[in-house]
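If you want the building blocks of each chain, they are given just below.
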Amino acid sequence: MEADLYDEFGNYIGPELDSDEDEDVDADERDADEADDDDDDEDQVEGDEDGGGMEVVLHEDKKYYPTAEEVYGPEVETIVQEEDTQPLTEPIIKPVKTKQFTLMEQELPATVYDMEFLADLMDSSELIRNVTLCGHLHHGKTCFVDCLIEQTHPEIRKRDDADLRYTDILFTEQERGVGIKSTPVTMVLPDSKGKSYLFNIMDTPGHVNFSDEVTAGMRISDGIVLFIDAAEGVMLNTERLIKHAVQERLAITICINKVDRLILELKLPPTDAYYKLRHIVDEVNGMLSTYSTDESLVVSPLLGNVCFASPQYSICFTLGSFAKIYADTYGKTHTSFWIPLTHSVALFVLVFHSDVVGDVDTSLPRVLDELGIHLTKEELKLNIRPLLRLVCNRFFGEFTGFVDMCVQQIPSPHSGARAKIEHSYTGGLDSDLGEAMAECDPDGPLMCHTTKMYSTDDGVQFHAFGRVLSGTLQAGQPVKVLGENYTLEDEEDSQVCTVGRLWISVARYQIEVNRVPAGNWVLIEGCDQPIVKTATITEPRGTEEAQIFRPLKFNTASVIKIAVEPVNPSELPKMLDGLRKVNKSYPSLTTKVEESGEHVILGTGELYLDCVMHDLRKMYSEIDIKVADPVVTFCETVVETSSLKCFAETPNKKNKITMIAEPLEKGLAEDIENEVVQITWNRKKLGEFFQTKYDWDLLAARSIWAFGPDTTGPNILVDDTLPSEVDKALLGSVKDSIVQGFQWGTREGPLCDEPIRNVKFKILDAVIAQEPLHRGGGQVIPTARRVVYSAFLMATPRLMEPYYFVEVQAPADCVSAVYTVLARRRGHVTQDAPIPGSPLYTIKAFIPAIDSFGFETDLRTHTQGQAFALSVFHHWQIVPGDPLDKSIVIRPLEPQPAPHLAREFMIKTRRRKGLSEDVSISKFFDDPMLLELAKQDVVLNYPM
């Protein structure tokens, strides 16, 4: 019968059974009887009858764990997440990530002088020297500073196989092997008589892209030491730095570095080595005479402003210091002529090198004995280079020659103050403030000029770095920070802050001080928020007449631009904050927002922008950022005079202005930009300049109204109206409005919103309303801008592009490859010549900036990495072709022939900026003007 109880699937289909509960109860009763535990039994039965623990409980209703409330108590808020939103790749509790981008010492290293002594020296400004070390790329500035660091810090030593590079504090600098930021180092150095001086030294990058860092260092220094590699000689950046130092009116000294290369690499005999060194000095003097009007500005070892060094072997000497060593060793002094010097040095290093490389055991001790140098047995067992370095170090001693040179040739902050203030301060010297600064008075009113911003280790905030010019800066004092746009009339760009801590910066560590008197460099905490590039820090009260220091004037232009946007649009605020920070960190970087809303970064070159993007992505915003292909800034210009007089009426029809445009004389735009001529001069002086140098007639020269788009803009507005035809008093009443319209127009031209350049606008006629109400700015300014545009468009407009000057160093067999690469990129060679005393050639060329992207990589590919190129902005040049020629068809994704380039650049720039495809003329011409054009039957290929 068992089979009938179950169906074919094994399910029970028989008669109903008693419930499980009953069975359980029976079993329980049996157990209880056996255990003789009646009480238990009764409780159990009662519990079952209440419907307790035996019913089926679904697992989601079961309670396995106590609730959060039971565990933590009712007053603790607990949040329960239903599903896990965190991906498995992320840890539940993230480790604390310390962001660090710089190499810093953990505690103050030991020095050969007391820190108290260094702090005391800060009070005597006669014993301070503020010096910038600058020079071409890899000419040994940083290694030279390393030698000074090793001299003053007994525990810091370089390893034999690697340079110390103490001032390359950023990890990116260490990885790339190139300086990116200027790094200040302050230390006490003795001169040859044992007198101590406080040296503030700025170690600057040598790459031309970072010359803005050098400018920032030069502004707060009183002199420069220009480093020149003895083997390479005067290079691209060397020349630019000489010119820049002359413009900044600094004392110039030179250090011919790496002299060991002449002997060990180029293997020159002493006489040839002498001529090579002499050639370098002559070349520098040639440049000084070109750029400076001061006849007495000459460098020569005899004048004590040239020193020779080789940081590899820790050698540094001047003629004076070498003569002293020579006299101490041999007891007789040499004549002052410097051929014997180079002979003795060359022979000295040669003898040493041959002895050290050759037979160490026999000949070396003899030579050392002769020179009175004692080495231990351990030291004699060293490798060649360390041994040579040790011997040279013992023989030449400390770098007293360098100190002597700087002390004698570079003025102290006290003696150089007047010239410094005259050059960099916008106010006059005739005020109390000016006098206090010219005296470098530590008890006067506080004036401090900051030129650099250094970010903290973690990149969260900035410290301002500058020089105190008068007064004493105290930690914790309230100060007023004046920005670059501050004027006595418009005080908006100023803010009162409280100074935090103050430090003296020594590359990888900082010495905290509580006050910094005039003449010193200082790193300031707590006032970074209002500062963008440079700032003037003064007292909040009592210095109301304080004006600002001039913003930095760079010797290169930021012409390459990239557009950036965050990959994730919601992270835009993070990116904007990052952009604000990189803008503070790099002196010549410009960031702006285009009309179309794209964020644009302008920089000097590819390496520069690469470093900026690294900082933006890694240090300051930590988000993914997309970058558009790089482009360049353009300029707009004209090549002829306007074909007819262009006029425009104000919207109320009560005023009418007539203008024409024509190109400026050659070289005038550059003169305005380099401030050879300034609009602030009085009428007479300005007139004389234009009459004598550019043959303007008296009337035109005396009636220059403005330069545009700003005070040093390369366009001129001239009032060419006659008193007999125009009411000059009325015209004078709207002069400011017309000038504003002219500057607005030249800031963004009609072709593609880029600045206008090299154009002279003449006002030929003006009808101005009598009532002031009818000639307000709202009427005149847009009209003036419109007439500037129409005059510009009638004068054969053209586009201009930036050109780079390229200097390539390559071996002789690679020269043809360099030509090929340049030709493919519209470049042309201006000069190629062998470098005297070396197997390399120098090739100088021009290349359009827009075609220079990837040029260096291309060059390395074609020359198997043997060619080395540096490029820097040089000039503006007209792009071939007519940008307004409608007959040109731009085919997508094809390289255009040369005559089509201007049109292509214009259209693509307009597209990128979100403007209409073509320039429409009706926007800038009034109806009466259009009728006038039709009457004169001017053939226009412009769209209406």
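Small disclaimer: the values here were computed from a predicted structure and weren't measured.

Draft legend 1. Inspection of the pairing of strand β8 (residues 447-455) at higher detail. When you tally the buried positions in β8, you get 8 out of 9 residues, the bulk of the element. With 8 bridges joining them, β8 and strand β9 (residues 462-470) adopt antiparallel strand pairing. Within β9, the residue paired with T450 across the bridge is G466. Linking β8 back to β9 in an antiparallel pair, the connection comprises 6 residues, with G459 at a positive phi of about 70 degrees. The pairing of β8 with strand β17 (residues 535-538) spans 4 bridges and is classified as antiparallel. In the sheet register, M447 faces β17, and the bridge partner there is T538.

Draft legend 2. A look at the sheet that holds strand β16 (residues 521-524). If you walk across this open sheet you meet the 8 strands as β12-β11-β17-β8-β9-β16-β13-β14, and the pairing is antiparallel. Both outer strands of the open sheet, β12 (494-498) and β14 (509-513), are each paired with one neighbouring strand and no more. Averaged over all pairs of adjacent strands, the angle between strand axes in this sheet comes to 35 degrees, irrespective of strand direction.

Draft legend 3. Structural view of the nonpolar core. F144, F199, V225, F402, I601, I738 and F761 are the most contacted members of the largest nonpolar core, which totals 166 residues. Sequence-distant contacts of F402, defined by excluding residues within four places in its chain, comprise L133, F144, L148, F199, I201, V225, C307 and C316. Counting 50 residues, the second-largest nonpolar core is a separate cluster that includes I252, L277, V306 and L368.

Draft legend 4. Examining a negative patch on the surface more closely. Together, D432, E489, D490, E491, E492, E544 and E545 make up a region of like negative charge exposed at the surface. With respect to the helices, strands and loops of the structure, D432 is situated in helix α18 (residues 432-438). Residue D432 is classed as exposed on the basis of its relative accessible area of 63%.

Draft legend 5. Spatial organisation of the side chain of Q151. Summarising the element assignment, Q151 is placed in helix α5 (residues 141-152). Within polar-contact distance, the side chain of Q151 engages the backbone nitrogen of F399 at 3.1 Å. Q151 has contacts with V112, L189, E398 and F399, leaving out every residue within four places of it along the chain.

Draft legend 6. Looking closely at the state of the cysteines. Summed over all chains, the structure comprises 0 disulfides. Here C392 stays unpaired: no disulfide links it, and the sulfur of C147, its closest cysteine neighbor, is 11 Å away.

Draft legend 7. Expanded view of the sheet that holds strand β26 (residues 704-708). Read across the sheet, 5 strands follow the order β24-β25-β28-β27-β26 without closing on themselves; strand pairing throughout is mixed. Every interior strand has two partners, whereas the edge strands, β24 (646-649) and β26, have only one. Strand-to-strand twist of the sheet, defined as the mean angle between neighbouring strand axes without regard to direction, takes the value 25 degrees. Sheet topology note: the β26/strand β27 (residues 715-719) ladder contains 4 bridges and is antiparallel. Across the sheet, residue A706 finds its bridge partner in β27, namely L717. Strands β25 (656-663), β26, β27 and β28 (759-767) of the sheet are contacted by helix α25 (residues 735-747), whose axis makes an angle of about 30 degrees with β26.

Draft legend 8. Quick peek at the packing of aromatic side chains. Enumeration over the complete set of coordinates arrives at 26 aromatic pairs. For the pair F210 and Y608, a centre-to-centre distance of 5.6 Å together with 35 degrees between the ring planes defines the contact as tilted. A residue pair is termed long-range when its members are at least 10 positions apart, and F210 in the loop between β3 (196-203) and α7 (211-219) and Y608 in helix α20 (residues 606-621) qualify at 398 residues. Accessibility assignment for this pair places F210 and Y608 in one class, buried. An aromatic cluster of three or more residues is present, and its members are F144, F199, F227, F399 and F402. Taking the ring centre of Y586 as reference, the NZ or CZ of K181 above it sits at 3.4 Å. Geometry around W681 places K685 over its ring, the cationic atom sitting 4.1 Å from the centre.

Draft legend 9. Layout of unusual backbone geometry. The omega angle of the peptide bond from G708 to P709 is 5 degrees, so this bond is cis rather than trans. Within the secondary structure, P709 is located in the loop between β26 and β27. Of note, the phi angle at K267 is positive, near 55 degrees, even though the residue is not glycine. For K267, the position within the fold is in the loop between α9 (260-264) and α10 (270-291). In this model, D695 sits at a positive phi of 55 degrees, which is unusual for a non-glycine residue. Structurally, D695 can be placed in the loop between α22 (683-694) and α23 (698-702).

Draft legend 10. Quick peek at the pattern of salt bridges. If you walk through the whole model with that rule in mind, you get 43 salt bridges. Note that E622 is salt-bridged to K99, the shortest N-O span being 3.2 Å. Placement of E622 in the loop between α20 and β21 (625-627) and of K99 in the loop between α3 (68-72) and α4 (115-121) is noted, with a sequence separation of 523 residues between them. Residue class for E622 comes out partly exposed when judged on its relative accessible area of 45%. Salt bridges sharing common partners tie together D229, K258, R261 and E265.

Draft legend 11. Focus on the confidence of the model for the protein. When pLDDT is averaged along the protein, the result is 88, and 92% of the positions lie at 70 or above. The secondary structure element of the protein with the lowest average pLDDT is helix α2 (residues 38-49), at 47, and the one with the highest is strand β1 (residues 128-135), at 97. Predicted confidence for residues 40-49 stays below pLDDT 50, and this span has 6 contacts to residues more than four positions away or in other chains.

Draft legend 12. Highlighting a nonpolar patch on the surface. Taken together, Y6, Y12 and L17 make up a surface patch of nonpolar side chains, about 330 Å² in accessible area. Relative to the helices and strands, Y6 resides in the segment before α1 (20-35). With relative accessibility at 40%, the residue Y6 sits in the partly exposed group.

Criteria and cut-off values
- Residues numbered from 1 in each chain as written.
- Predicted model: local features only at pLDDT ≥ 70, side-chain atom pairs only at ≥ 80, totals over all residues.
- Heavy atoms only, no water.
- Buried < 20%, exposed > 50% of the residue type's maximum accessible area, 1.4 Å probe, protein only.
- Helix = DSSP H or I, 4+ residues; strand = E, 2+ residues; numbered from the N terminus.
- Pairing = 2+ DSSP bridges.
- Axes fitted to C-alpha atoms, helices over the stretch in contact; angles between N-to-C directions.
- Core = buried A, V, L, I, M, F, W, Y, C linked by side-chain atoms within 4.5 Å.
- Contact = heavy atoms within 4.5 Å.
- Patch = residues over 30% accessible without salt bridge, like charges linked within 9 Å, V, L, I, M, F, W, Y side chains within 5 Å.
- Areas by Shrake-Rupley, 256 points an atom, 1.4 Å probe, with all protein chains shown as cover.
- Salt bridge = Lys/Arg side-chain N within 4 Å of Asp/Glu carboxyl O.
- Lys, Arg positive; Asp, Glu negative; His and termini not counted.
- Charge placed at Lys NZ, Arg CZ, Asp CG, Glu CD.
- Polar contact = N/O pair within 3.5 Å; in protein donor to acceptor, adjacent residues only side chain to side chain.
- Disulfide = S-S within 2.5 Å.
- Phe/Tyr/Trp six-rings, centres within 6.5 Å; stacked < 30°, edge-to-face > 60°.
- Lys NZ or Arg CZ within 6 Å of the ring centre and 35° of its normal.
- pLDDT = per-residue confidence, 0-100.

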